[in-house]
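What the coordinates show
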Amino acid sequence: MLMDVITNPGPLKDIVLYDQEKHVSSAVWDGQERGALRCHEHTSKLSEWKLNSKQIELVERAGFGYLRRIPAISLDNPLISALVERWRRETNTFHFTVGEMTVTLEDIALLLGLGIDGKPVIGFTYTTCSSVCERYLGQAPDSTYASGGMVKLSWLKETFSFCPDDASFEEVERRTRAYLLYLVGSTIFSTTTGNKVPVMYLPLFEDFDDAGTFAWGAAALAFLYRALGNASVKSQSTICGCLTLLQCWSYYHLNIGRPKLNREPVHDHFPFVLRWKGKQNGPTANRDVIFYRKALDVLKPSDVEWLPYENMDGRYIPEHIRNSLQLGRSRTMLISFDKAERHLPDRCLKQFGLFQGIPEDVHKWVRKSRGVDGGVNFSSKMEPELNEWEMRWDNIVPDDVLGVDEADYMRWYLGITRKVVGRPISLSSEFQRTIANVRDILELAENFPTHDLDLERGNMMARIISLAQDCLRDQVGVTPTESQQQIELGKRMRGKERVRRKGMGKRRKGIDPMEDYGGSEDESQFGGPVLEVDQLHLPLTHHGNSVYDGTHMYDPVTKVDDMELCDEIPQLPEAQDMNKIDGSSSLDVVGTRNAMTGEESLGELPESYDVKREDRESKVEDNDAAKESNEENVNREEEDGIDMGGNVAESSSLGRRGENSVVA
């Protein structure tokens, strides 16, 4: 099973996950780590709003009474990032080892207390803030607080966060609308713009009772689905939406990264996200994306809570929420202004206590990027999606659906899903193992008896040898330890080869090919670039280096030795030539190899520099002792140069991926 995953982590068939190449899991498999996502949720300042009793009543009438009670919860960015790596926008579900799961309308109703039945959240968008803010808030922000059809959250808080007791009812309504805009803009509709919120929601708060008839929960889920889908693309580095909902959903359903539950009675109240209120007590230190990724890659059925709300006290659930929970099983379209996302609970029936059969095919659909600054009415732009939402009660997945054998479902599922995200074996380990295997193949082929082979089979054996030789010439065949030893030895050689002179004590920048190397974390730990697995192929072309005449195999290249797997290496000067360098016992310059062209160049000294003059100034008083010391240095450098040449030879292909420093 492990070898199958290493060879192909999936999907084996692209009938469902047709966007695999764009998904972040493809980049992770190729060794391209993007780290933890930047999570945009702006709840830290919500507690600074001071609402009076009149405002609280209006907030509850608008349908946000429970959302108002949810405090800021510390986000676990690595956990959220690992979940995003499992999210697939083709199905709007998480693809785990145990099957598909998702955040459903039932989850958002129970966790946040938002309504999931009612009118779709849609309407006009605005290209400027002035007119709509003047109408619904009584004043407009200046240009420093506005950007197109968006306004800064900081302006809303600074201007409207306190309502005087003697304020008129009109002023109370205006300040309450400002609070609601701030509330949705910092939680369920938080954006990646930093601290801005579109003013297009303000007209929906004109009448507070009418605002309570919108399906805010469905809109929040559509927004989160879109944010998850965008963040799952490998080129993205941020995520927005209601991340408190996502994190608490994970706490309820997955036994991964879950902190200790608060057992105080108040935390059993509605909405259920309050159970995770307060300081997190779980051991979250040193838990990065890779930690959570590995945990999800080996997720067991015992780590999953399919029905986490089963034992919750239903007395705290409001009647209008309880009566709409069946919509959690509705195959419908979720709408939030310019965003329309499919809700597909038939792929996650275990979350409703039902058998999971093979779900219906998901047809490809293109998410239109309509933007929020268009100044248009989306009600006329999304007629098909709106019609599907209107049919939401007619598309409930029945609870008597005939399930298939779980083994049949899992066989189907494992063929269409991505089995793992992280590599079971690191790229560097696979690379070293592949090189070792090629060496073994070459040794076996060269020692294979050929006297009994006919001409055709002999030529085939010759071709195997030639291909193995070419592969070893093209790849780096040294261990990280050997590579590091070569780097250190190269530094010592360069130190010995420098001319002792005044004012030239500092190392010239650019001499060491590994200095200031800006590689990734994976690359830097080995002192050089890490080659991708797809580069470890054997060449398919026959170079004809080895031939077989029916009796003997002739290889003009002869057996490939590690000492010979390199480009031409300039030799050190002979000992007798050293004295020709203006009386100096050390080499004047250091040779470097251009990483792009492969050409060698010599380090240059300043034009005004006079080697003989500097040598005369640095001449020691005892000439005989200096001569003896110089001879010893020459002999030592010759010995080190031979060792250095052997080490460089063993890693000849470093010249293809980095600069080789050799003696000129």
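What counts and what doesn't
- Residues numbered from 1 in each chain as written.
- Predicted model: local features only at pLDDT ≥ 70, side-chain atom pairs only at ≥ 80, totals over all residues.
- Heavy atoms only, no water.
- pLDDT = per-residue confidence, 0-100.
- Contact = heavy atoms within 4.5 Å.
- Buried < 20%, exposed > 50% of the residue type's maximum accessible area, 1.4 Å probe, protein only.
- Helix = DSSP H or I, 4+ residues; strand = E, 2+ residues; numbered from the N terminus.
- Pairing = 2+ DSSP bridges.
- Phe/Tyr/Trp six-rings, centres within 6.5 Å; stacked < 30°, edge-to-face > 60°.
- Lys NZ or Arg CZ within 6 Å of the ring centre and 35° of its normal.
- Polar contact = N/O pair within 3.5 Å; in protein donor to acceptor, adjacent residues only side chain to side chain.
- Axes fitted to C-alpha atoms, helices over the stretch in contact; angles between N-to-C directions.
- Parallel < 35°, antiparallel > 145°, perpendicular 65-115°, else oblique.
- Left-handed = near helix turned anticlockwise from the far one by under 90°.
- Nonpolar A, V, L, I, M, F, W, Y, C, P; charged D, E, K, R; others polar.

**Looking at the confidence of the model for the protein chain**
Within the protein chain, residue pLDDT values average 76, and 65% of them lie at 70 or more. Long-range and interchain partners of residues 476-487, a stretch whose pLDDT sits below 50, account for 23 contacts in this model, where long-range means more than four residues apart. Counted against residues more than four places away or in other chains, residues 489-622, with its pLDDT under 50, gives 243 contacts.

**Description of the pairing of strand β10 (residues 339-343)**
Most of β10 is tucked away: 4 of the 5 residues are buried. Two elements, strand β9 (residues 332-336) and β10, share 5 bridges in a ladder whose sense is antiparallel. Bridge pairing in β10 links Leu 334 to Glu 341. The hairpin formed by β9 and β10 contains 2 residues between the paired strands, and Phe 337 there has a positive phi angle of roughly 55°.

**Section: the packing of aromatic side chains**
According to the stated counting rule, one finds 24 aromatic pairs in the structure shown. When the ring of Phe 189 is compared with that of Trp 216, the centres are 6.4 Å apart and the planes differ by 50°; the resulting orientation is tilted. Taken as a pair, Phe 189 in the loop between α9 (169-186) and β7 (196-198) and Trp 216 in helix α11 (residues 216-231) lie far apart in primary sequence, 27 residues in all. With relative accessibility at 0%, the residue Phe 189 sits in the buried group. On the basis of relative accessibility, which here comes to 1%, the residue Trp 216 falls in the buried class. Aromatic rings pair up to connect Phe 64, Phe 189, Tyr 201, Phe 205, Phe 214, Trp 216, Phe 223 and Phe 337 into one cluster. Over the ring of Phe 214 we find Lys 119; its NZ or CZ atom is 4.4 Å from the centre of that ring. Residue placement shows Lys 364 over the ring face of Tyr 18; its charged tip is 4.8 Å from the ring centre.

**A word on the side chain of Gln 247**
Its location among the elements puts Gln 247 in helix α12 (residues 243-253). At 2.9 Å, the side chain of Gln 247 and the backbone oxygen of Ser 74 are in polar contact. A polar contact is formed between the side chain of Gln 247 and the backbone nitrogen of Asp 76, at a distance of 2.6 Å. Contacts of Gln 247, omitting those with residues within four sequence positions, involve Ile 73, Ser 74, Leu 75, Asp 76 and Ile 80.

**Some words on the packing of helix α3 (residues 53-61) against α9**
Two elements in contact, α3 and α9, have axes separated by 10 Å at closest approach and are oriented at 55°. Compared by their axis directions, α3 and α9 come out oblique. For the element pair α3 and α9, the recorded crossing hand is right-handed. In contact with Lys 54, Gln 55, Leu 58 and Val 59 of α3, α9 contributes Val 172, Glu 173, Arg 175, Thr 176, Tyr 179 and Leu 180. Residues belonging to the contact of α3 with α9 are distributed by class as follows: 5 nonpolar, 2 polar and 3 charged.

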